[in-house]
Each structure stands twice: as C-alpha cells, then as structure tokens.
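Per-entry structural report
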Amino acid sequence: MKTTVNKIIKKYKNDRYRLMDILLDIQEELGYIPEDLNQMIADELSISKVELDETISFYHFLTQKPLGEYTVYLNNSVTAGMMFREDVKKTFEEQSGVLFGNVSSDGLIGLFDTSCIGMSDQEPAAIINNVMFTNLTPFRVKEIVADMKEGKPVEEMHKQNFGGGKNSSDLIQAVVKNNIRRKGPVLWDPYEPGEGLRKSITMEPGDVIEEIKNSHLRGRGGAGFPTGLKWEFCNKSREKERYIFCNADEGEPGTFKDRVILTEMPKMVFEGMAIAGYAVGAKSGVVYIRYEYLYLRKYLENTLSELRKAKLLGRNIAGKNGFDFDIRIQYGAGAYICGEESALLESAEGKRGEPRDRPPFPVEKGFKGKPTIINNVETLAKVVKIIKKGSTWFTNLGTQESAGTKLLSISGDCRFPGVYEIEWGHSIYDILEMVGATDVQAVQVGGPSGILINPNQLPRKLGYEDLGTGGSLIIFHESRNLIREVVMNFTEFFIEESCGSCSTCRNTPFILKQKLEKILDGHGVVQDIDDLVEWSKNLKFSRCGLGHTAGNPIITSIQNFRHLYEKLVQRDRDYDTGFNLAESVKESCEASNRSTVV
Amino acid sequence: MSKPVLATTSLAGCFGCHMSILDIDERILTLIELVEFNKSPINDIKTFTKQCDIGLIEGGCCNSENVHVLRDFRKHCNILVSLGECAIMGGLPAMRNGILIKECFHEAYLNGPSTTANTGHIIPNDPELPCLLDKVYPCQEIVRIDYYLPGCPPRADLIWETLVSLISGKPAELPYEVIKFD
Ligand SMILES: Cc1cc2nc3c(=O)[nH]c(=O)nc-3n(C[C@H](O)[C@H](O)[C@H](O)COP(=O)(O)O)c2cc1C
Ligand code: SF4
Ligand code: SF4
C-alpha cells in the first residue's frame, strides 16, 4: 500500500496543490485512504498531518475506511423523494441486509445518502462505484443487489440502453439521459470547433473583452455578474501570471444543465476558456468539476487530447505564435460549497473547501494568489458564440437587461423534465405550458437558495429584471406537501452542506429545522412562524452565499405560502415547546434499569 | 399596596447565579424592603405559599425534578426570568448532550477514576431519585420564559437593574458592559 501511495505522490511531484488528485487517486487504487498513512502523505507533501486530516474529513466522498466493495450513494434531493426514493432505499436495505450509513458485515455493500448528484430529471439516481444509475425502482434495485452478490463489475450491471447523444459513446457508456427538450438559438447554433477561437485571435485581446462587454453577457452560474467586466478587472491586475477556471461544480439541487453541456459540447466550453485565456493573457485553465460527474472523465480528457491534436490547445494555438494555453481537469470530492468561487479555489489548491474572505476577489488574488477568472460552464460556452456571431446578434435575443438565452434545468411534476434553452423574458406560466405541468402548487426557482413562488406569481418573468436564476426550476403539483417534502428537504441540504466556518450558518439552519419539526409534529404556535422568519435573519451575517441563502426555503415559503404554516399551528395555545417528559426520561430509565415513573 | 413577591430556584446550575444575586452587596437590604421573598433557597422556603410576581430561574433542566419545579414556577409566577447561561442555553451541564446516557452512567459510576468506592458496580436507580432527561434542556424549551439575563453568572448590576425595573415598571438601563461578554 505504501508503495502505491508513494508512486501516486511522485506522479504529482510531491505538489501539495495537487492534494485532491492525490487523495482521489489513492482512493481509486485502494478503495479508501488508509489512516495510518496520513502522517507519511503529509510528510511527503511538506504539510502538517492536521492539514491533511482536515482536508480528507471535509469531503463527502473521501473516506479513511473501506466503505464496501460496492459503495452505493443514493441521492436524497427533493425530486428523488418525489419519485419514490423511500421505496428504493428500503429495497436496498432489505436486499443487502444493511441500513443506510453502514457497510454490510461481510464488507460487500455500503449504503450512503448523498446530496443532489445532478440527475433531477431522472430520479431516483445513485452512484455505485463511480457509475451512474438512474430511474431506479425497487425491481431494478433487486437486480442490482443480486448482481453485487454475484460479484459482477458495476459496468456490466446495466440492463437499460445507454442514454442519448454522447452518453452512449465508447468513452462514456452511461445510462444518463440528456433530455434535451429545446435546442435554443445560442448553444445549438451550428458551429465548428475552433471557429470562435480563430476569430478571436484576429482581434486585439482588449477588443475581445470589449465584445463580451457589449454582449451584456452575465454569469450563468447564478450570481449574474457581467462577464466582460470580470475579465476586464482581471486584465487590470499588475500580476502577469493568470488563470482561467471553469466552474463545473453544479451543486445547486435541481441543476443539471452543465452536465448536458459538458456531455454534448465540451469543446465549446474549452474553447471559451481559451478565448478567455487569450483575452487576459492566461496560459493555463482548470475545469473544476464535481466528483459526481466522474463518469465523464475519460471522455473529457479525450476531448482535451483531440483539441491539442487540432492545435486548439497547447502551444502556438490556432496558428498564433506565442499564444499558449492548456487546460487540465480538476475533480472535486463531494461538497456543494466548492461551487462558491473562492471555496472552489481553496479546493483546487488541495485544501478544505472553505470560502475565503472577499475582497480580494479571485480576479485580483485567485488560484495560488494570482488573478483568476472563474466562469460557469454555460457562460464560457456562450462566449464562443458571441465572438463568432457578434455581440449585437446576442443582445437581439432576450430582453433589455437580460441578453441572450438561458439553459434551464427543469424537474419535478411535469411531463417533460429536462433542459431547455430559451430566451430570457418568458413567464413562469409560459414555461409550465412548455414542460406540460398542470395543477401546479408551487415552483422553486433557482434551487434551494432561490425562491418558492406560488400560482399568483406565475406571470413573473425569467430575467435579471425579475427572476434571475442559475437555471433550476423544480415544479410541485398541488398534491405535494410543501413544508414536509420540500422546505424540510432543502433545509436539511443546507445543514449537510454548510462548511461550518460561520457560527450563523453552522447553527441557524439546524435550529430552524427543529422548529419546523415542531410545527410538523403539531406542537407549533403562531409565534413559531414569526420566529422562523426573525431567526433566519441571523444568516445574513455569514461569510458566503450559502449562509446568506440557507434560510430562503423557509423565508420564501412563509412569504408565499403562509397559510400552509398557519394550518399547522395551534390556535388555542400561544406557547408549546413540544417537550414530553415521559419520552425524555425513557433513555435514562432504560440505562439504569428502572421503570419510567415521572 | 402589598410588596411584590419574589421566588428563586436553582435547577441544573452551580448556584453561581444565586451567588451573583447576593453580589448586589448592601443593596440586598433595599431589596428586602422592596420585595417579599417566597419559595427560594435564600430563605429556605421549600414550597410556594402564594402566587408570586417574579420568579428567577438558575440552571436548565437535566432531570425530571427540574421539570416539575420549573413548571411549578411557571404556574406560581407571573413573570419568569432565566438567570444565566445554564438557564438560557443549558450551559456546562449541556456538554453531555449528544452523548448516550448509558455512556454517561458508565463514566460516572462504573469506569471513571472516582468510582472505586462503588464496589457493587451500581448505577443508582432508587425510585426516590429523579430520572435524567435525554439531554439538558434550556428553560424556554420546557415552559415560556419572559426575560433572559445573560452571563455566567449574570452580573449583580444586571440582576439588580432588572429587578428594580420589573418592580417599578420603568425600563431598565443596561449599559453594554453589563450584558456583553467577550
Ligand atoms: C454556495 C454556492 C454554490 C455555488 N455553486 C456554483 C456552481 O455549482 N456552479 C457555478 O457556476 N457557480 C456556482 N456558484 C457561483 C460562483 O460563486 C460564481 O459566482 C460563478 O461560478 C461565477 O461564474 P459566472 O459569472 O460565469 O456565473 C455558487 C455560489 C455559491 C455561493
Ligand atoms: S456561510 Fe456557511 S458555507 Fe459559507 S463560509 Fe460560512 S459556514 Fe461556510
Ligand atoms: S450560568 Fe454559570 S453561574 Fe449560573 S448556574 Fe450556570 S454555571 Fe453556574
């Protein structure tokens, strides 16, 4: 084991910045990272053991003990729950004889929960030994567990056809479906790899930035920051060593559009990075991609090789002397917070993914302290089309303040879940018609960190003027229990994914959850509803966007569905803690072997 | 007009908060002029003999008896005040929250360094003893609490100011140093 680990560390030249790759490689080789090697790994990388320990323990998918020959990570996002995840979970437990959170006694099967894995349009889904399984049913689970008991490799367990498009290509071979429901005028405008890049090098770098500014392109990762402006800031730095990062962490539950882009048009994304590299004089780019998309690894690596062969990456690219730009792929290891740009950089430097204090912003001090542009997958893909067809073409699409199109990830209760590229400016009402949703009770716009809107708000329009979004829309039918199924699930998501740095974000969602439980258990009073709103305000004092938005599921559902809460709280009492004396002494009476007389 | 009636108790606390009440020094003479004491360890009255105006609670609830006493206070006091960290948050005793009670018992009675005298390896279970709760609860998770005085213990000035304002009905003057601790 030691030699294997040593070899891996050597492969990365004992570079502590490559710790994520080192840990992922060790885990891939050995199945886990043996704890007794921590000291040695730390020494080899000249970091303290504590630094190593805290990094390993931060990531959901890194483990210091074996988690089974087959490790099942069953997604627990809200849409999975809506598609009968409970039945699937139960079947896994029954068939394998082990409860979730544990490994079977023979070490064969480990069952674990995991936050949204980017498959909301084909739930319930699970990752088993890095292979994606979608649309699970109890029947299918029985087959899978039977295969496990026979010792079949996961790659051979598939009974369905592979998913459409590139999903069935030799290098992917995944059952994942693209579900492309609407090919829009920007991403699907016909294109040959290299067209955008070749055009950009006929322009001055400053003019490339100018063109992007004129296009009014805003970041498609959620925050909507003007892309051209970001590039300009980076360009103004005195430091000459610069980096381009593509944010492919896509962790916001209900979002899966970056997965489709990376499957169908990765060259466009990489080309967008090269254009950014040209514009600001960066020589290297990094795609930070979530661990859940490991099944795309070979394919993406191969795409990079193809681009190198076509002289669209590497040295003197696109025929321009002195224009060097190359890209490497950096996998994460399971942490929603690593989508936040400064946490992403920390993680890419081989540390815990804890957000940095800002300012300085990444464009001033980013990767390894150097100016760094971080853009979302979709943003970078769009850059290519803007350069190719011009900013006016782009601004002619969409609305006054929201130029162009948006790729939406739509899931939940509708006939056609999947991705849709549409121009900004459509109302939610239009969208619901487009996806075949009826009797809608609520729509979650922008994932758990966004807002839950009610039917009166369906005329609201998608766009920065009103509903700006990273593109996740989850639809809930009138039969859904919004508080129990939705608000609770989202709140638990934030509890699970908080990095734990700020006391506000570490504690408040937990306390809010207890209050929600109390309300759901019938012990709520009117004051509890107001407390939920008041106490959520604490979260505004957190360091990053995760904390700032962690109260949103509760706040926006109270804003727009207050009647649901009011129905649950008691009218005849104004104080009820839900405390039950008999219940609370049970444990101690059992432990001391006495009857529970209170 | 009869004097306002005051009651106090210490639940899962260390009596430090009560010491802090005594820390008002000579103002204690004024206090007995201002109020009449009912159930309290200060005068050793064990049971309520009448309805009270103000109840001061030190400590959270760690066992069934604490819960009964606290509920009794809520019944007999018009205003209940949580005095100190333990009453407000559970305090030091709440360090056991999250640890199985069985483990706590084993440490306290069987395996800990001070258990050598327990030669019979007994975990106390006399019916006379109150039962431990699954965790230590702050008072407001058992009954409604009207006011909270922070501190471990709250400063004497804070206790004094609060009592005077509750009695007089005037707003309390609480300078930053009296309620803020870093
Ligand atoms: C908690 C949190 C998670 C985020 N996750 C992502 C993500 O998965 N993908 C993404 O592109 N941006 C994500 N962002 C936004 C990034 O911080 C950043 O704004 C974005 O990558 C910038 O690219 P853009 O301007 O092209 O959108 C996240 C932000 C926060 C606060
Ligand atoms: S707000 Fe939450 S996720 Fe963000 S830095 Fe603070 S603790 Fe971490
Ligand atoms: S708050 Fe401090 S002084 Fe008061 S009971 Fe608790 S530990 Fe003792």
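Residues numbered from 1 in each chain as written. Chains lettered and ligands numbered in written order. Predicted model: local features only at pLDDT ≥ 70, side-chain atom pairs only at ≥ 80, totals over all residues. Heavy atoms only, no water.

1. Details of the overall build of chain A
Counting its regular elements, chain A contains 23 helices and 15 strands. Here the C-alpha atoms of chain A give a radius of gyration of 25 Å, agreeing with the 25 Å that 2.2 N^0.38 yields for 598 residues. Along the first, second and third principal axes, the C-alpha set of chain A runs to 85 × 60 × 50 Å. Within chain A, the fraction of its 598 residues that count as buried is 59%. When contacts within chain A are restricted to residue pairs at least 6 apart in sequence, those whose partners lie at least 24 apart make up 71%. Split by element, the accessible area of chain A, about 23,900 Å² in all, is 48% carbon and sulfur. The positive charge centre, built from 75 side chains, and the negative charge centre, built from 83, are 4 Å apart in chain A. (Helix = DSSP H or I, 4+ residues; strand = E, 2+ residues; numbered from the N terminus. Rg over C-alpha atoms; globule rule 2.2 N^0.38 Å. Buried < 20%, exposed > 50% of the residue type's maximum accessible area, 1.4 Å probe, protein only. Contact = heavy atoms within 4.5 Å. Areas by Shrake-Rupley, 256 points an atom, 1.4 Å probe, with all protein chains shown as cover. Lys, Arg positive; Asp, Glu negative; His and termini not counted. Charge placed at Lys NZ, Arg CZ, Asp CG, Glu CD.)

2. What about the overall build of chain B?
Of regular secondary structure, chain B possesses seven helices and seven strands. Secondary structure of chain B in N-to-C order comes out as β-α-α-β-β-β-α-β-α-α-β-β-α-α. In terms of overall dimensions, chain B has C-alpha extents of about 60 × 40 × 30 Å along its principal axes. Relative to its 182 residues, chain B shows a buried fraction of 43%. The contacts of chain B with a sequence gap of at least 6 include a subset with a gap of at least 24, amounting to 75%. As presented, chain B carries roughly 9,900 Å² of accessible surface, and 57% of it is formed by carbon and sulfur atoms.

3. A short note on the interface of chain B and chain A
Contact residues are listed per partner, giving 26 residues for chain B and 16 residues for chain A. Interface area lost by chain B to chain A is led by N125, C131 and R144 of chain B, which between them contribute 30%. At the boundary of chain B with chain A, the tally comes to one salt bridge. Here D574 of chain A ties to R144 of chain B by a salt bridge, and the two come within 2.8 Å at their closest N and O atoms. (Buried area = accessible area lost by both parts, 1.4 Å probe. Salt bridge = Lys/Arg side-chain N within 4 Å of Asp/Glu carboxyl O.)

4. A short note on the site of ligand 3
Residues and elements named next belong to chain B. Taken together, G13, C14, G16, C17, E58, G84, E85, C86, G151, C152 and P153 are the residues near ligand 3. For the shell around ligand 3, the secondary-structure elements that each account for two or more residues are helix 1 (16–22) and helix 4 (85–89). Class assignment for the residues of the shell around ligand 3 results in five nonpolar, four polar and two charged. (Near = heavy atom within 4 Å. Nonpolar A, V, L, I, M, F, W, Y, C, P; charged D, E, K, R; others polar.)

5. Some remarks on the packing of aromatic side chains
All names here are of chain A. Counted by the stated rule, this structure contains 16 aromatic pairs over all chains. A ring pair is formed by W424 and Y464, whose centres lie 5.0 Å apart and whose planes are at 50 degrees; its orientation type is tilted. Note that W424 is positioned in the loop between strand 12 (418–423) and helix 17 (428–435) and Y464 in the loop between strand 14 (451–453) and strand 15 (472–477), a separation of 40 residues in sequence. When sorted by exposure, W424 lands in the same class as Y464, which is buried. Both rings, one in F493 and one in F494, keep their centres 5.4 Å apart while their planes meet at 65 degrees; by these two values the pair is edge-to-face. The exposure classification of F493 matches that of F494, with both residues buried. (Phe/Tyr/Trp six-rings, centres within 6.5 Å; stacked < 30°, edge-to-face > 60°.)

6. A look at the sheet that holds strand 5 (residues 131–133) of chain A
Residue and element names in this part refer to chain A. Strand order in the open sheet formed by five strands is 2-3-1-4-5, with mixed pairing between adjacent strands. Pairing within the sheet leaves two strands with one partner each, and these edge strands are strand 2 (102–103) and strand 5. Direction of pairing for strand 1 (residues 70–75) relative to strand 4 (residues 126–128): antiparallel, over a ladder of three bridges. Note that in strand 4 the partner of Y73 across the bridge is I127. (Pairing = 2+ DSSP bridges.)

7. Regarding a nonpolar patch on the surface
The grouping of F15, M19, L22 and I42 of chain B at the surface amounts to a nonpolar patch, some 350 Å² of accessible area in total. Of note, M19 of chain B is situated in helix 1. (Patch = residues over 30% accessible without salt bridge, like charges linked within 9 Å, V, L, I, M, F, W, Y side chains within 5 Å.)

8. Re the site of ligand 1
Residues and elements named next belong to chain A. Residues in contact with ligand 1 amount to 20 residues; listed here are only the nearest, G221, N247, N375, N376 and T379. A distance of 3.2 Å is found between an oxygen atom of ligand 1 and a side-chain nitrogen or oxygen belonging to K230. Contact between ligand 1 and E250: an oxygen atom at 2.9 Å from a main-chain N or O atom of the residue. Protein burial of ligand 1: of its 610 Å² of free accessible surface, 89% is covered by the chains. Within the residue set of the shell around ligand 1, elements represented by two or more residues are strand 10 (372–376) and helix 21 (545–549). (Polar contact = N/O pair within 3.5 Å; in protein donor to acceptor, adjacent residues only side chain to side chain.)

9. Some points on the domain arrangement of chain A
Taken domain by domain, chain A holds domain 1 (2–58), domain 2 (70–160), domain 3 (182–395), domain 4 (405–480) and domain 5 (486–568). Computed over C-alpha atoms only, the centres of domain 1 of chain A and domain 5 of chain A are separated by 38 Å. (Domains from an automatic or database assignment.)

10. Quick word on the pattern of salt bridges
All names here are of chain A. For the structure shown, the criterion picks out 52 salt bridges over all chains. Residue D530 is joined to R562 by a salt bridge in which the shortest nitrogen-to-oxygen separation is 3.1 Å. Taken together, the residues span a long stretch of sequence, with D530 in helix 20 (residues 526–536) and R562 in helix 22 (residues 552–568) at a distance of 32 residues. Overlapping salt bridges, with partners in common, bring together R220, K257, D258, E378, K382 and K406 in one network.

11. Observations regarding the environment of D521 of chain A
Its location among the elements puts D521 of chain A in the loop between helix 19 (503–520) and helix 20. Along the chain, D521 of chain A and V569 of chain A lie 48 residues apart, while their C-alpha atoms are 9.4 Å from each other.

12. Some remarks on the sheet that holds strand 15 of chain A
All names here are of chain A. Ordered in space as 6-12-11-15-13-14, the six strands form an open sheet in which the pairing is mixed. If you trace the sheet from one side to the other, it starts and ends with strand 6 (180–182) and strand 14, each paired once. Within the sheet, the average angular offset between the axes of one strand and its neighbour, ignoring direction, is 25 degrees. Here strand 13 (residues 440–445) pairs with strand 14 via three bridges, running antiparallel. Within the sheet, the bridge partner assigned to V445 lies in strand 14 and is I451. (Axes fitted to C-alpha atoms, helices over the stretch in contact; angles between N-to-C directions.)

13. As for the nonpolar core
By size, the foremost hydrophobic cluster in this structure holds 147 residues, and its most contacted members are W231, F325 and F476 of chain A. Here this core gets ten residues from one element, more than from any other, and that element is helix 12 (residues 266–280) of chain A. Beyond its immediate sequence surroundings of up to four residues, F325 of chain A is in contact with I244, M273, A274, G277, A282, K283, S284, G285, L313, G314 and I317 of chain A. Counting 25 residues, the second-largest nonpolar core is a separate cluster that includes V5, L11, F48 and C52 of chain B. (Core = buried A, V, L, I, M, F, W, Y, C linked by side-chain atoms within 4.5 Å.)

14. Remarks on the pairing of strand 1 (residues 5–10) of chain B
Residues and elements named next belong to chain B. Along strand 1, six of the six residues are buried, which leaves the element largely enclosed by surrounding structure. Side-chain alternation along strand 1 places V5, A7 and T9 on one buried face and L6, T8 and S10 on a second face that is also buried. Relative to strand 2 (residues 36–37), strand 1 runs parallel, the two being bridged by two bridges. From the neighbouring strand, V5 faces strand 2, where its bridge partner is E36. With five bridges connecting them, strand 1 and strand 3 (residues 52–58) associate as parallel partners.

15. Concerning the packing of helix 1 (residues 2–11) of chain A against helix 2 (residues 19–30) of chain A
Residue and element names in this part refer to chain A. Two elements in contact, helix 1 and helix 2, have axes whose closest approach is 10 Å; the angle formed by their N-to-C orientations is 145 degrees. Crossing hand, helix 1 versus helix 2: right-handed. For the pair formed by helix 1 and helix 2, the contact residues are T4, V5, I8, I9 and K11 on the first element and I22, D25, I26, E29 and L30 on the second. Partitioning the contact of helix 1 with helix 2 into residue classes produces six nonpolar, one polar and three charged. (Left-handed = near helix turned anticlockwise from the far one by under 90°.)

16. Section: the environment of K177 of chain A
Residues and elements named next belong to chain A. Among the structural elements, K177 can be located in the loop between helix 7 (138–150) and strand 6. Each C-alpha atom, one on K177 and one on V383, is 26 Å from the other, the two residues being 206 residues apart in sequence. Discounting chain neighbours no more than four positions away, the residues touching K177 are D121, Q122, N135, G163, N167 and R259. Within the local environment of K177, its side chain forms a polar contact with the side chain of N135, the two groups lying 2.7 Å apart.

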